[in-house]
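Observations on the model geometry
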Amino acid sequence: MLLQLSIRDFVIVQDLELEFQAGFTALTGETGAGKSILIDALALALGGRADADQVRSGAERAEVSAEFSVQTLPLLQQWLVQSELQGDPGQLLLRRVVDRNGRSRALINGHVATVAQLREVGAQIILGNTYHLFVRPGMDVMRHFGGLHRFMNWDGPILTDSGGFQVFSLAKLRKITEEGVHFQNHIDGSPMFLGPREAMEIQAALGSDIAMLFDECPPFPCPHEKVAESLERTLRWAARCKEVPTPGMKFGIVQGSSFEDLRRHSAEALVALGFDGYAVGGVSVGEPEPEMMRAVEYSVPFLPAEKPRYAMGLGTPPQLVEMVARGIDMFDCVLPTRLARNGTAYTARGTISLKNAQFTLDAGPIEEGCACAACRGFSRGYLRHLVKSEEILGLRLISLHNLHFYLELMARMRREIEAGTFAAFRREFVAGYRTSAEP
Ligand SMILES: [Zn+2]
């Protein structure tokens, strides 16, 4: 039951503390007395939509706290413990803070929920998929929520891809014109259209901090002549993307498949147009690993070292190390969470499948010395049990570990580079990592 509601600088309320007794509570008052404001404040604490208009005029932020007794709700108490969100015994404190820009934070018992778990693993930036958000839930929903930051309650930077890669890999019945691509989405087959202008406008509506240019990603292998033709169109699209205003930075994407001359031409033409960062695209699209490394080697030397250089959609831990050795600074990769959903965890010596019977009686963590929530609190034996029981907590804990592993690998590489010891680290890491268990 609700014990107390505290409201500060919310709509017209400056400061209010309300205590509730057991049983039925009636709030009475004339029209305009503010009864509905109390309900709205409670709704906000419970996760309702945050809005800049909720901040009292002249105030920096609005705050609402709701304190509940959860003594009679053992399942909820258990969930709070499992989610590392426990507070005082039997109590649940929900707090919501909305700033003047309409951005909000939600706290459960003083812990920032979900966002905290990402922060705990050290994520600084999140990637949003333009194509997926465009298809579902769609831009009406995204605009209603005022963009992706508010939709998912993440106040850190968001990078959005342009949707190009998914249009070329997921959608059906594509027709490419100078204006863009007509396609049928992969969910219900409805006809849709994305071009350079649309892709940038969508990313602007999402509130992207780093928007990627709309590009065509040719399949592998693809003849030189076809890649060259596609590349010229992508470069014309790049010039048009540049003209569309977006709230944050714009990164260009180098294409050119496995052709040295086309990679160089693409990189130089993009740098001449001038962007905030540069990605190497069209890698990890089914080509053998040596081809992938060559595509990076053909591109990176022509991209300015003082701007971020980003390899899109990569890769395994040794691939990341090898790419960093070639001058790449940024990656995005589904492997840590995709493999976690299959019960597979990363370690410095390769992946392990926690489904395996060998872990049934294993009391050790996934990886000795790992500081993640899974390794701090749970044994391999327990995680195996959760995975085998199809308990979603198991997959979530392994996801946290895998994300922690990837982010820690990147942090480690930064430290090794700064210490001048990266070459030795690279040799040791790659030699010690068993790749045979990789999917
Ligand atoms: Zn761990």
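Before any of the text, the structure's been laid out above.
Here's what I pulled together on the structure shown here. (Residues numbered from 1 in each chain as written. Predicted model: local features only at pLDDT ≥ 70, side-chain atom pairs only at ≥ 80, totals over all residues.)

1. Side note on the overall build of the protein
Counting its regular elements, the protein contains 17 helices and 18 strands. Principal axes of the C-alpha set define a box for the protein whose edges measure 75 × 55 × 45 Å. A burial count over the protein gives 34% of its 439 residues as buried. (Helix = DSSP H or I, 4+ residues; strand = E, 2+ residues; numbered from the N terminus. Buried ≥ 20, exposed ≤ 12 C-beta atoms within 10 Å, placed from the backbone.)

2. Quick look at the pairing of strand 10 (residues 180-184)
Pairing of strand 9 (residues 172-177) with strand 10, which is carried by four bridges, proceeds in the antiparallel orientation. If you follow Lys-172 over to strand 10, its bridge partner there is Gln-184. What sits between the antiparallel neighbours strand 9 and strand 10 is a turn of two residues. Relative to strand 11 (residues 191-194), strand 10 runs antiparallel, the two sharing four bridges. Bridging from a neighbouring strand, Gln-184 pairs with Pro-191 of strand 11. (Pairing = 2+ DSSP bridges.)

3. A word on the sheet that holds strand 10
Reading across from one edge, 9-10-11 is the order of the three strands in this open sheet, with antiparallel pairing throughout. Looking at strand neighbours, the two that pair on one side only are strand 9 and strand 11, the edges of this open sheet. Geometrically, the sheet is characterised by an average inter-axis angle of 20° between neighbouring strands, direction not taken into account. (Axes fitted to C-alpha atoms, helices over the stretch in contact; angles between N-to-C directions.)

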